[in-house]
Amino acid sequence: MLIKPLAFDSFGVRSMATYVETEDVKITIDPGVSLAPRRFGLPTHPLELARQKECAKAVQSHAEASDILIVTHYHYDHHDLGGLIPTSIYTGKKVFVKHPRENINYSQRAERAPRFLQAIRGLPKTLDYADGVHKVFGRTSLRFSKAVAHGTDTQLGYVVEVSIGVGGEKLVYTSDVEGPSLPEQARFILDEKPSFLIVDGPLTYMLGYRYSQASLETSMENLAKIVEKTPVKTILLEHHFMRDLNYRKLASPLCEAAERRGVQVLTAAEFLGRKVEMLEASRLELYKSGGSRTTSASKTSNLGERKNLASRP
Ligand SMILES: [Zn+2]
Ligand SMILES: [Zn+2]
């Protein structure tokens, strides 16, 4: 199984777009790329806009080459209405989307889901609601969780987690769980027993007001449990978590558990051997210096703290 992160927060954009290829199918998960409109009271920096364009191109070309496209919920970092990525990517594809009417919050049910479904109307070969569904393509299994909360409660709605397995390999992609801090979010991962996990980590850049210390601790405990109880070998800890420059320190409880089990904990950028570029979190500095703040961590694992012995591009 080939797992290729296409656009992630560690590349300098808001996204979890991922391409997966097995002997049976080619899949792109969440083909969208967005940016924070404002951070630290500042608008998006030109570097971020340029990076968003680059990432959108990569997402578009991989989506076009895919058989299956998955949209785990209706936030704009997980799909595009044709702004940077044309809706023609959905033409002739098998498309799986989060159920647009059940287990969904008001703004996604009343506005975003109908707008998206209208925009791609008539394009897909098939359109299925993903929640709780299991499909098999040749030897490849594609399974979706039931709807789980977007974050620590359902104010922002629900997402579906995705599991893709073939042979002895299995990827679980959590979408926006912001943790996982809730038992049902972690349950799907524990039950699926992935070898590779792409997880939306804790929302620590809002720690103390929109995200509690208790949720951070529970998330770290859940991730440590996943390290102990599943065959996971690689964890990409990403998305909301990579909007906080303190991410390494905050992840240390997980990294210690991972180290004991020989599990790699990485950002998507490190997994690909590229520089970690937290453009949004560095926005203040970008405006001050006119340059790019990056952390060079391409040859390290466990979030840059140890030598990487088993990384693969
Ligand atoms: Zn979201
Ligand atoms: Zn998101």
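Calculation criteria
Residues numbered from 1 in each chain as written. Chains lettered and ligands numbered in written order. Predicted model: local features only at pLDDT ≥ 70, side-chain atom pairs only at ≥ 80, totals over all residues. Helix = DSSP H or I, 4+ residues; strand = E, 2+ residues; numbered from the N terminus. Rg over C-alpha atoms; globule rule 2.2 N^0.38 Å. Buried ≥ 20, exposed ≤ 12 C-beta atoms within 10 Å, placed from the backbone. Pairing = 2+ DSSP bridges. Axes fitted to C-alpha atoms, helices over the stretch in contact; angles between N-to-C directions. Contact = placed C-beta atoms within 7 Å. Expected span 1.5 Å × (residues − 1). Arc of directions from axis to C-beta. Core = buried A, V, L, I, M, F, W, Y, C linked by C-beta atoms within 7 Å. Parallel < 35°, antiparallel > 145°, perpendicular 65-115°, else oblique. Nonpolar A, V, L, I, M, F, W, Y, C, P; charged D, E, K, R; others polar. Right-handed = clockwise from strand over helix to strand, strands pointing away.

### Quick notes on the overall build of the protein chain
Within the protein chain, the regular secondary structure consists of eight helices and 19 strands. The C-alpha atoms of the protein chain give 18 Å as radius of gyration, which agrees with the globular expectation for 313 residues (20 Å, within 12%). In terms of its C-alpha atoms, the protein chain occupies a principal-axis envelope of roughly 45 × 45 × 35 Å. Burial analysis of the protein chain (313 residues in total) assigns 55% to the buried set.

### A short note on the sheet that holds strand S9 (residues 134-137)
Working definition: the strands of a sheet are paired by backbone hydrogen bonds and lie parallel or antiparallel to each other. One open sheet holds the seven strands; their spatial order is S9-S10-S13-S14-S15-S16-S17, and the pairing between them is mixed. Strands at the two margins of the open sheet, each flanked by one partner only, are S9 and strand S17 (264-266). For this sheet the average axis-to-axis angle between neighbouring strands, irrespective of direction, equals 15 degrees. With five bridges joining them, strand S15 (residues 196-200) and strand S16 (residues 234-238) adopt parallel strand pairing. What sits directly across from Phe196, in S16, is Thr234.

### What about the sheet that holds strand S8 (residues 126-129)?
Taking strand neighbours across the sheet as the criterion, the six strands line up as S1-S2-S3-S6-S7-S8 in an open arrangement whose pairing is mixed. Pairing within the sheet leaves two strands with one partner each, and these edge strands are strand S1 (2-8) and S8. When the angles between neighbouring strand axes are averaged without regard to direction, this sheet yields 15 degrees. Here helix H1 (residues 46-64) sits on the sheet and contacts S1, strand S2 (16-21), strand S3 (26-29) and strand S6 (68-71); the angle it forms with S1, its principal contact strand, is near 145 degrees.

### A few points about H1
Between the first and last C-alpha of H1 there are 27 Å, a value that for 19 residues agrees with the 27 Å anticipated at 1.5 Å per step. Those residues of H1 that are buried lie in contact with S1, S2, S3 and S6.

### Description of helix H3 (residues 183-192)
Among all positions of H3, only Gln185, Ala186, Phe188, Ile189 and Glu192 are buried. Angularly, the buried residues of H3 cover 150 degrees about the axis, an arc narrow enough to put them on a single face. Facing away from the buried side of H3 by more than 90 degrees, the exposed set consists of Pro183 and Asp191. Against the buried residues of H3 lie strand S11 (148-149), strand S13 (162-166), strand S14 (169-173), S15 and helix H4 (213-229). Of the residues flanking the end of H3, it is Lys193, one or two places downstream, whose phi is positive at about 50 degrees.

### Focus on the nonpolar core
Core analysis: the biggest nonpolar cluster contains 88 residues, and Ala7, Val59, Ile70, Leu197, Ile235 and Val265 have the highest contact counts within it. In terms of residue count, the dominant contributor to this core is H4 (five residues). In contact with Ile235, other than residues within four places in its own chain, are Leu197, Val199, Ala258, Val263, Gln264 and Val265.

### Description of the packing of H4 against helix H6 (residues 252-261)
Contact geometry of H4 with H6 gives a least axis separation of 9 Å together with a crossing angle of 5 degrees. Looking at the two axes, H4 sits roughly parallel to H6. Side by side, H4 and H6 meet where Met220, Leu223, Ala224, Val227 and Glu228 of the first sit next to Pro253, Leu254, Ala257, Ala258 and Arg261 of the second. Residues belonging to the contact of H4 with H6 are distributed by class as follows: eight nonpolar, no polar and two charged.

### Some details on the packing of H3 against H4
Running from amino to carboxyl end, H3 crosses H4 at an angle of 10 degrees, the nearest separation of the two axes being 10 Å. It follows that H3 is roughly parallel to H4 by the angle criterion. Facing Ala186, Ile189 and Leu190 of H3, the residues of H4 in contact are Asn222, Ile226 and Lys229. Per-class residue counts for the contact of H3 with H4 are four nonpolar, one polar and one charged.

### Describing the pairing of S14
The side chains of a regular strand alternate between the sheet's two faces. The element S14 is largely enclosed, with a buried count of four among its five residues. By the bridge criterion, five bridges tie S13 to S14 in an arrangement that is antiparallel. When the bridges of S14 are listed, Val166 appears paired with Glu169. Bridge count between S14 and S15: three bridges; the pairing is parallel. Along S15, the bridge assignment pairs Tyr173 with Ile198. Taken together, S14, H3 and S15 form a β-α-β motif whose crossover is right-handed.

### Comments concerning the environment of Ile27
Within the secondary structure, Ile27 sits in strand S3. For Ile27, a count of 27 C-beta atoms within 10 Å puts it in the buried group. Separated by 121 residues in the primary sequence, Ile27 and Val148 have C-alpha atoms spaced 22 Å apart. Apart from residues no more than four positions distant in its own chain, Ile27 is found in contact with Val20, Ser66, Ile68, Ile70 and Ile164.

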